[in-house]
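Close look at the chain arrangement
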Amino acid sequence: MPFKVAVLPGDGIGPEVTTEAIQVLRSVTDELEFDECLIGGAAYDAVGKPLPETTLKICKESNAVLLGAVGGPKWDKIEPPELRPEVGALLPLRRELNLYANLRPARIFPALIDASPVRFGPSGPIDCIVVRELTGGIYFGKPRERRDNGEVAVDTCVYSKIEIRRIARRGFEIARQRRRKLHCVDKANVLETSRLWREVVTEVAEGYQDVDWEFMLVDNCAMQLVRDPGQFDVILTENMFGDILSDEAAQVTGSLGMLPSASLSDPRGDNVFGMYEPAHGSAPDIAGQGIANPIATILSAAMMLRFSFDMKEEAEAIERAVSKALDSGLRTLDLGGNAGTKDATAAILANLA
Ligand code: IPM
Ligand code: MG
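Source: prediction; values computed, not measured.

1. Section: the packing of helix 10 (residues 312–327) against helix 11 (residues 341–352)
- Relative to each other, helix 10 and helix 11 sit at 120°, their axes nearing to 8 Å. As judged from the angle between their axes, helix 10 and helix 11 are oblique. For helix 10 against helix 11, the interelement crossing comes out right-handed. On helix 11, the residues touching Ala317, Ile318, Ala321, Val322, Lys324 and Ala325 of helix 10 are Ala347, Ile348, Asn351 and Leu352.

2. So, the pairing of strand 11 (residues 260–268)
- Relative to strand 11, strand 4 (residues 101–107) is paired through three bridges, and the arrangement is antiparallel. Bridged to Asn102 within strand 11 is Ser263.
- The hairpin formed by strand 11 and strand 12 (residues 271–278) contains two residues between the paired strands, and Gly269 there has a positive phi angle of roughly 65°.

3. Some points on empty space enclosed by the protein
- In the structure shown here, the tally under the stated rule is two cavities of 30 Å³ or more.
- By volume, the largest cavity is sized at about 60 Å³.
- In this structure, the largest cavity is lined by Arg104, Pro105, Ala106, Ser246, Asp247, Ala249, Ala250, Leu259 and Ala279.
- Secondary structure elements with two or more residues in the lining of the largest cavity: strand 4 and helix 8 (239–253).
- The volume enclosed by the second largest cavity comes to roughly 40 Å³.
- Surrounding the second largest cavity, Tyr159, Val185, Asp186, Leu191, Thr193, Ser194, Trp197 and Glu238 form its lining.
- Secondary structure elements with two or more residues in the lining of the second largest cavity: strand 8 (181–186) and helix 6 (192–205).
- No other element matches the three residues that helix 6 contributes to the lining of the second largest cavity.
- For the lining of the second largest cavity, a count of residues per class yields four nonpolar, two polar and two charged.

4. Some thoughts on the packing of aromatic side chains
- Inspection of every chain in the model, using the stated rule, returns five aromatic pairs.
- When the centroid spacing of 5.2 Å and the interplanar angle of 20° are considered together, the rings of Phe172 and Tyr208 count as stacked. Remark: Tyr208 occurs in the loop between helix 6 and strand 9 (212–217) and Phe172 occurs in helix 5 (residues 161–177); sequence separation between them is 36 residues.
- Phe172 gets classed as buried once you look at its relative accessible area, which sits at 0%.
- Aromatic pair Trp213 and Phe215: ring centres 4.9 Å apart, planes at 85°, arrangement edge-to-face.
- Classification of Trp213 as partly exposed rests on a relative accessible area of 25%.
- Take Phe215: its relative accessible area is 26%, and that puts it in the partly exposed class.
- An aromatic cluster is present here, built from Phe172, Tyr208, Trp213 and Phe215 joined pairwise through their rings.
- Against the face of Tyr100 rests Arg166, its NZ or CZ located 3.9 Å from the ring centre.

Cut-off values and rules
- Residues numbered from 1 in each chain as written.
- Chains lettered and ligands numbered in written order.
- Predicted model: local features only at pLDDT ≥ 70, side-chain atom pairs only at ≥ 80, totals over all residues.
- Heavy atoms only, no water.
- Axes fitted to C-alpha atoms, helices over the stretch in contact; angles between N-to-C directions.
- Helix = DSSP H or I, 4+ residues; strand = E, 2+ residues; numbered from the N terminus.
- Parallel < 35°, antiparallel > 145°, perpendicular 65-115°, else oblique.
- Left-handed = near helix turned anticlockwise from the far one by under 90°.
- Contact = heavy atoms within 4.5 Å.
- Pairing = 2+ DSSP bridges.
- 1 Å grid on protein atoms, 1.4 Å probe; cavity = no way out; pocket = protein on both sides within 12 Å on 5 of 7 lines; lining within 4 Å.
- Points joined across faces, edges and corners; volume = space filled by probe spheres on them.
- Nonpolar A, V, L, I, M, F, W, Y, C, P; charged D, E, K, R; others polar.
- Phe/Tyr/Trp six-rings, centres within 6.5 Å; stacked < 30°, edge-to-face > 60°.
- Buried < 20%, exposed > 50% of the residue type's maximum accessible area, 1.4 Å probe, protein only.
- Lys NZ or Arg CZ within 6 Å of the ring centre and 35° of its normal.

Now the structure itself:
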């Protein structure tokens, strides 16, 4: 039976980059079946809400989700905010699909080593992964409200031991498959939630004696990522810190257009349900011009093969093909070249043949 993939192209360059990723997926496997649905501003324009029930239903019935990007200036001012693409589609989708483990690798391709705006520190170029808790913390805590006639606003950060334990295990498991180094990043000198993280992570770490790990305060981590990015392997952290640090790590690579991401639920046997999307946004300024870099989405598709379908060889084949295309000079606009979206895919497909 083929695997079912829900495709959510979304807004801006989302539709352009997902089209290319599907083409690359089709070239390495015929075991996938794609079902396209509306999300984000595109869904709001079509049916008046950013996450239609049918979209959620199709996602739940699929084995994985491929997402382009959502949002844009056109929908930024919609009231109430729950109807905007980010708050009304992306966050509920993460929560409804239980995608609590967000993996954001930040690595420089050898051919792009000069693109980084940060000089390497003592430990060499960046090659890390941010393991971000994605369905808890201040993004979802209650109450979230205005008080005193709007004079006061409240957001709440909540974490349970269960939430921390499952993401901590994921972080240590991933460290085991990499360089066995982990930094647990928090603000334990101020926040009670961070102190709970420390308690639980210390317990979980008992089961991973082979992983070399330590706590690091988030402000220090932000500084260390610029001072010596190569020191990090796995950065395990809560939702909001992970949001910020993953953008920082991405920028250290010098090319946001290259970075994939996976948001995973609980494992089911060898497979895990996940949503895969580029780390970049919808880039409305360049949408529809055929110049967007599709590589982040293509690499996200490779992550899908690896995590959701246990197709490790196919995933590696795609990653190698991307690396080779860059070695032989492929440069889209964001990388200072003039290759278009289709040219990039063609160069990658040529290396897969
Ligand atoms: C991300 C984005 C989202 C987040 C926004 C769009 C809600 O910044 O995926 O990192 O903060 O999680
Ligand atoms: Mg972000």
